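Next come the chains, spelled out residue by residue.
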Amino acid sequence: MLRTIRSLPFDDKNWRRINMRSVSHLLGAEMIHNLYNRHWPRINSLRFRHTVTTYKHGIVESYAPIDEWQYLQNWLSKKFIELDPILIREIEAIMSPDYKFVDEIIGRINKLDLSSVSNETLATLLIDIMDYPLGDIYKLNVVQIEYALNYALHSILQAYEPNLEDRNLLLAKLISPGELTVSQIEEVAFSRVVELSLSTPENNYDQDVLSALDQHHDQFAATHCAYGENPPTVEDYRNKLQLAIQSAKPLITETEALAHVESQYKQSKAMLTRLNDRRLDVLCDLMSRIGVFRDRNKAKLGETVVRRLEILDEISRRTHVPIAEVNLYLMRELTDLLENNTKISSEVLKRRSEEGVSFVRNEDVTDPVFISIDIADQQSVIPGICASPGKVEGSVKVVLSKDDIDKVSPSDIMVAIGTDFDLLEIMNMCSGIITEEGGLLSHASVVSRELKKPCLIGVANATKLLKDGDTIVLDATEGKILLRDT
């Protein structure tokens, strides 16, 4: 939808956040900005035409105008409600990627000794590992499809459940993929490592345990850095193992995990059978599988990020530019550095480090500024959308990065802008989850259902309205948060 918005202020009344990510380098923010213009014309020719992506202090936030969200909601959802055969067929077609092309690009880098290639080859490898996987893994921006599909499902379900909170709860129960997600697969695999360590006398890790940890790191570390976060180290996994042993938390076997997924799937199918609406059968199944598809895509993208980070380290080594500064370079500047030894001025680096950077999709978009948020007076009841039912009372802990794990205890309620693989340990530890962003297929939604923990999503400005130490009741089933007097 093209139109000028030069007079539109960049604030939370006119723009809506797409998501927030923790990213270790500016090149990752550049990739995310490119991601939000990805589209597959057969599916989402209707798409965001104006986006702003801000990067500051390692945090990326992306936004699109609210009226473009509404435009997608109105028009793309109509095609879902009508079960448009072309739309559904084309979505089905992209949900079975073989990743052969991406693996070819990764394999090309794996075969090389990066320290021995020319500057030109290193620059080309960096371009390839950035651009090729993005085009192959993310043919389109899935969040826009999810948003329109979610609205279509709400429109259909309104005839069965007119109350919004109850409808949110109903829809959360209808979405079940019937297969393990990447997160569940890793937790099952890690349980095997824990079991092996417990069989070692006095938990004195022998070579078998250390070897198993190394193998687990090699297999799963990349899944935690899809958008540019640094992957966990082997030492991080050793700390995780120690915490798991100390907590004496029951181990999760593959049989148990599969049984839980199968149980959820059967419950969803039984509910759909009772509703007896073909549109719901088709669209709920589609949404469930899109969630799995999106999860696997992020894991595969993480593999490319690991290689990207290796290339950045090599650029730092051979150009003698500290990695902290290399992490503030854009793609064009990195290739210029390798080709012409052109370095960014200290003034620009200082400004980027302290003030951040904004990317703008130049389709009549206003000059970028960081979004201003209008916080209303403290509310005693704060609404949200149920992603996983349940009710719990506890103390608020605002979580903005994995470094906040030290302040969270098992009785606390985690409040975040959004979650991803890097916050999984905190999600496992806390008693409930509240996020500002996300849909029913967001990381917070999927993981909270896996963990059977109450979760509310879409709680506007939750990290500003709620403070560390606030005592609250998280009633996800009713779609609300109650503040207790402290």
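Residues numbered from 1 in each chain as written. Predicted model: local features only at pLDDT ≥ 70, side-chain atom pairs only at ≥ 80, totals over all residues. Heavy atoms only, no water.

Some remarks on the overall build of the protein chain
Next, step 1: Across its full length, the protein chain carries 19 helices and twelve strands.
Next, step 2: Counting only C-alpha atoms, the protein chain reaches 70 × 65 × 50 Å along its principal axes.
Next, step 3: Looking at the protein chain as a whole, 54% of its 486 residues are labelled buried.
Next, step 4: If the 55 positive side-chain charges of the protein chain are averaged to one point and the 73 negative ones to another, these points end up 5 Å apart. (Helix = DSSP H or I, 4+ residues; strand = E, 2+ residues; numbered from the N terminus. Buried < 20%, exposed > 50% of the residue type's maximum accessible area, 1.4 Å probe, protein only. Lys, Arg positive; Asp, Glu negative; His and termini not counted. Charge placed at Lys NZ, Arg CZ, Asp CG, Glu CD.)

Comments concerning the sheet that holds strand 4 (residues 357-360)
Next, step 1: Strands sit in the order 1-3-2-4 across an open sheet of four strands; the sheet is antiparallel. Of all strands in the sheet, those bounded by a partner on one side alone are strand 1 (15-22) and strand 4. Direction aside, neighbouring strands of the sheet carry axes that sit 20° apart on average.
Next, step 2: Bridge count for strand 2 (residues 52-56) against strand 3 (residues 59-65) is five bridges, and the pairing is antiparallel. When the sheet's bridge partners are listed, Tyr55 is paired in strand 3 with Val60. (Pairing = 2+ DSSP bridges. Axes fitted to C-alpha atoms, helices over the stretch in contact; angles between N-to-C directions.)

A few points about the packing of aromatic side chains
Working definition: an aromatic ring pair is given by the centre-to-centre distance plus the angle between the planes.
Next, step 1: Applying the stated criterion to the full structure yields six aromatic pairs.
Next, step 2: A ring pair is formed by Phe10 and Trp15, whose centres lie 5.0 Å apart and whose planes are at 90°; its orientation type is edge-to-face.
Next, step 3: Under the relative-accessibility criterion, Phe10 is labelled buried at 6%.
Next, step 4: Aromatic side chains Phe190 and Tyr237 sit 6.3 Å apart centroid to centroid with 35° between the ring planes, which places their arrangement in the tilted category. Of this pair, Phe190 sits in helix 9 (residues 182-198) while Tyr237 sits in helix 11 (residues 234-247), and the two are 47 residues apart along the sequence.
Next, step 5: The exposure class of Phe190 is buried, given its relative accessible area of 3%.
Next, step 6: A relative accessible area of 3% means that Tyr237 is categorised as buried.
Next, step 7: Among the aromatic residues, those joined into a ring-pair cluster are Phe10, Trp15 and Tyr63. (Phe/Tyr/Trp six-rings, centres within 6.5 Å; stacked < 30°, edge-to-face > 60°.)

Observations concerning the pairing of strand 12 (residues 480-483)
Next, step 1: Bridge count for strand 5 (residues 381-383) against strand 12 is three bridges, and the pairing is antiparallel. Looking at the pairing, Ile382 lines up with Ile481 of strand 12.
Next, step 2: The pairing of strand 11 (residues 471-475) with strand 12 spans four bridges and is classified as antiparallel. Pairing of Val473 across the sheet is with Leu482, part of strand 12.

Topic: helix 18 (residues 443-451)
Next, step 1: Here helix 18 lies mainly inside the structure; seven of its nine residues are buried.
Next, step 2: All of the buried residues along helix 18 are His443, Ala444, Ser445, Val447, Ser448, Arg449 and Glu450.

What to know about the environment of Tyr71
Next, step 1: With respect to the element layout, Tyr71 can be found in helix 3 (residues 66-81).
Next, step 2: As for Tyr71 and Arg16, which are separated by 55 residues in sequence, their C-alpha atoms are 13 Å apart.

As for the packing of helix 3 against helix 7 (residues 142-157)
Next, step 1: Relative to each other, helix 3 and helix 7 sit at 65°, their axes nearing to 8 Å. With respect to the hand of their crossing, helix 3 and helix 7 are arranged in right-handed fashion. Two secondary-structure elements touch here, helix 3 through Trp69, Leu72, Gln73, Leu76, Ser77, Phe80 and Ile81 and helix 7 through Gln144, Ile145, Tyr147, Ala148, Leu149, Tyr151, Ala152, Ser155 and Ile156.
Next, step 2: Each residue belonging to the contact of helix 3 with helix 7 can be placed in one class, and the counts come to twelve nonpolar, four polar and no charged. (Left-handed = near helix turned anticlockwise from the far one by under 90°. Contact = heavy atoms within 4.5 Å. Nonpolar A, V, L, I, M, F, W, Y, C, P; charged D, E, K, R; others polar.)

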